[in-house]
Amino acid sequence: MFKFTAKALACALSLTIAGLAQAAEPIVIKFSHVVAENTPKGQGALMFKRLAEERLGDKVRVEVYPNSSLFGDGKEMEALLLGDVQMIAPSLAKFEQYTKQLQVFDLPFLFNDIAAVDRFQQSPEGQALLKSMESKNITGLGYWHNGMKQLSANKALREPKDARGLKFRVQASAVLDEQFKAVRANPRKMSFAEVYQGLQTGVVNGAENPYSNIYSQKMHEVQKFITESDHGVLDYMLITNTKFWEGLPADVRGELEKINVEVTAEVNKQADALNQEAKEAIIAAGTSEIIQLTPEQRGQWRDAMKPVWSKFEAEIGADLIKAADAANQQ
């Protein structure tokens, strides 16, 4: 009887020790992204890591993988859904197979500036989009600004006719395909990590990016001209795997939600400054000429591309496009 009891106690003690050791293991959050660390998204990921580990101590460990070092932008969504990573922040152009509504952010010349983008994202309609993919196991945590997009090419782009026949790198977005077809250019889908080489070798002639991406990826070294078009927005949605997020202990999830609000505000505050710094660095490098469009020239680009809105109105929703357009009015 004694031997059985001792053996049972030893077994119970062993299980208890193992359970305590297991309980002490931190929750690992792998945060993968495809851009450099000196970009708004790169800085946001590092800030999220720092605050999470400072405030949650041994409960959470955040591993950040920048520059497609873990997964490229063609694989990161699949990795999130499989649970191989827990957080990513894809471009808003990457969600069309999960919800057509988010295509609203790809419509050319819809937003006058980043302030209008911010107003729409904070509106009830914009906030509802964060939850629009939960049935697909994707939970949106917030919008991170990267900035307004500029056109780059090895040819000066002042009027829409200047883009004819050129090959532009685009993300996997039907709207962006149509945007370039509207000016008789040829869109070419290409992962972000391949863009520099594509531009360098002539596989593509041009691209569209905020200044921070152009500079951090050294695209200005292989593009003779950058047209300050502000024709669209390249922002991100910070997302997580819904099952993972809802499975977190309530106290951990609650603190991460607070951290996310803080990080999002800081990323969006710094994005404009980072893009301005990148623009100045490009000017100082002297490798690219920055073209400022006249109001008339910008109007020509807008008129040429605006028909894309009507092509996607049924998919996106006329009311959603109207709400986004209304954000231009302060």
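Before reading further, recall that the structure is shown in the block above.
What you see is a predicted model, and the numbers here were worked out from it, not measured in a lab. (Residues numbered from 1 in each chain as written. Predicted model: local features only at pLDDT ≥ 70, side-chain atom pairs only at ≥ 80, totals over all residues. Heavy atoms only, no water.)

Draft legend 1. Structural view of helix α11 (residues 295-305). Among all positions in α11, only Q297, W301 and M305 are buried. For α11, the arc enclosing every buried residue in end-on projection is 65°, short of the 170-degree limit, so these residues lie on one face. Residues of α11 that are exposed and angled more than 90 degrees away from the buried face: P295, E296 and D303. (Buried < 20%, exposed > 50% of the residue type's maximum accessible area, 1.4 Å probe, protein only. Helix = DSSP H or I, 4+ residues; strand = E, 2+ residues; numbered from the N terminus. Arc of directions from axis to C-beta.)

Draft legend 2. Highlighting the pairing of strand β4 (residues 138-144). With respect to burial, β4 is a largely interior element, seven of its seven residues being buried. Where β4 and strand β10 (residues 236-241) come together, six bridges link them in antiparallel fashion. Following the sheet pairing, I138 is matched in β10 by N241. (Pairing = 2+ DSSP bridges.)

Draft legend 3. Looking closely at unusual backbone geometry. Despite not being glycine, F109 shows a phi value in the positive range, around 60°. With respect to the helices, strands and loops of the structure, F109 is situated in the loop between β3 (87-88) and α4 (114-122). One non-glycine residue, K218, lies in the positive phi region at around 60°. With respect to the helices and strands, K218 occurs in the loop between α8 (211-216) and β9 (225-228). With relative accessibility at 47%, the residue K218 sits in the partly exposed group.

Draft legend 4. The sheet that holds strand β2 (residues 60-65), seen in detail. Ordered by their spatial adjacency, five strands build an open sheet running β2-β1-β3-β10-β4, and the pairing between neighbours is mixed. The open sheet is flanked by β2 and β4, the only strands paired with a single partner. Strand contacts of helix α10 (residues 250-285): β1 (27-32), β2, β4 and β10, with the helix running at about 35° to β4, the strand carrying the most contacts. (Contact = heavy atoms within 4.5 Å. Axes fitted to C-alpha atoms, helices over the stretch in contact; angles between N-to-C directions.)

Draft legend 5. Structural context of the pattern of salt bridges. A complete count under the given rule lists 14 salt bridges for this structure. One salt bridge connects E63 with R61, and the closest N-O pair in it is separated by 3.1 Å. Take R61: its relative accessible area is 37%, and that puts it in the partly exposed class. When the shortest N-O distance is used, the salt bridge between R169 and D73 registers 3.9 Å. Linking R169 in strand β6 (residues 167-170) with D73 in the loop between β2 and α3 (76-82), this pair joins segments that are 96 residues apart in sequence. Here R169 and D73 have matching classes, each one buried. A single network of salt bridges, built from pairs that share partners, joins D73, K94 and R169. (Salt bridge = Lys/Arg side-chain N within 4 Å of Asp/Glu carboxyl O.)

Draft legend 6. Seen up close, the side chain of E63. Positionally, E63 belongs in strand β2. Among the polar contacts made by the side chain of E63, one reaches the side chain of R61 at a distance of 3.1 Å. (Polar contact = N/O pair within 3.5 Å; in protein donor to acceptor, adjacent residues only side chain to side chain.)

Draft legend 7. View of the packing of α11 against helix α12 (residues 307-316). Axis separation between α11 and α12 bottoms out at 4 Å; the angle between their running directions is 30°. Classified by the angle between their axes, α11 and α12 sit roughly parallel to one another. The segment α11 lies against α12, with R302, D303, A304 and M305 engaging P307, V308 and W309. Looking at the contact of α11 with α12 residue by residue, the class counts come to five nonpolar, no polar and two charged. (Parallel < 35°, antiparallel > 145°, perpendicular 65-115°, else oblique. Nonpolar A, V, L, I, M, F, W, Y, C, P; charged D, E, K, R; others polar.)

Draft legend 8. Spotlight on α12. For α12, the set of buried residues is V308, W309, F312 and I316. The arc that holds the buried residues of α12, viewed along the axis, is 90°, so those residues lie on one side. Turned more than 90 degrees from where α12 packs its buried face, S310, K311 and A314 sit exposed. If you follow the buried residues of α12, they end up packed against α6 (174-181), α11 and α13 (318-326). Of the residues trailing α12, G317 is marked for its positive phi of about 110°.

Draft legend 9. Region of the structure containing the environment of P249. Relative to the helices and strands, P249 resides in the loop between α9 (242-247) and α10. Look at P249 and you get partly exposed, because its relative accessible area is 38%. C-alpha separation for the pair P249 and I27, spaced 222 residues apart in sequence, amounts to 10.0 Å.

Draft legend 10. The arrangement of the nonpolar core in detail. Formed by 40 residues in total, the largest nonpolar core has its most connected members in F31, F48, V62, L256 and V263. Contact partners of L256, with chain neighbours within four places excluded, come to I29, F48, A52, L56, W245 and L248. Counting residues in each nonpolar core, the second largest holds 36 residues, with M77, L110, V233 and I321 among its members. (Core = buried A, V, L, I, M, F, W, Y, C linked by side-chain atoms within 4.5 Å.)

Draft legend 11. Focus on the packing of aromatic side chains. Across all of its chains, the model carries seven aromatic pairs by this definition. Where F105 meets Y143, the ring centres are 5.7 Å apart and the plane angle is 55°; that geometry is what we call tilted. Highlighted residues: F105 in the loop between β3 and α4 and Y143 in strand β4, separated in sequence by 38 residues. Both residues of the pair, F105 and Y143, count as buried. (Phe/Tyr/Trp six-rings, centres within 6.5 Å; stacked < 30°, edge-to-face > 60°.)

Draft legend 12. Highlighting the environment of M47. Secondary-structure assignment places M47 in helix α2 (residues 40-56). The sequence separation of M47 and I321 amounts to 274 residues, and the corresponding C-alpha distance is 33 Å. Those residues in contact with M47, other than ones at most four positions away along the chain, are E262, V263 and E266.

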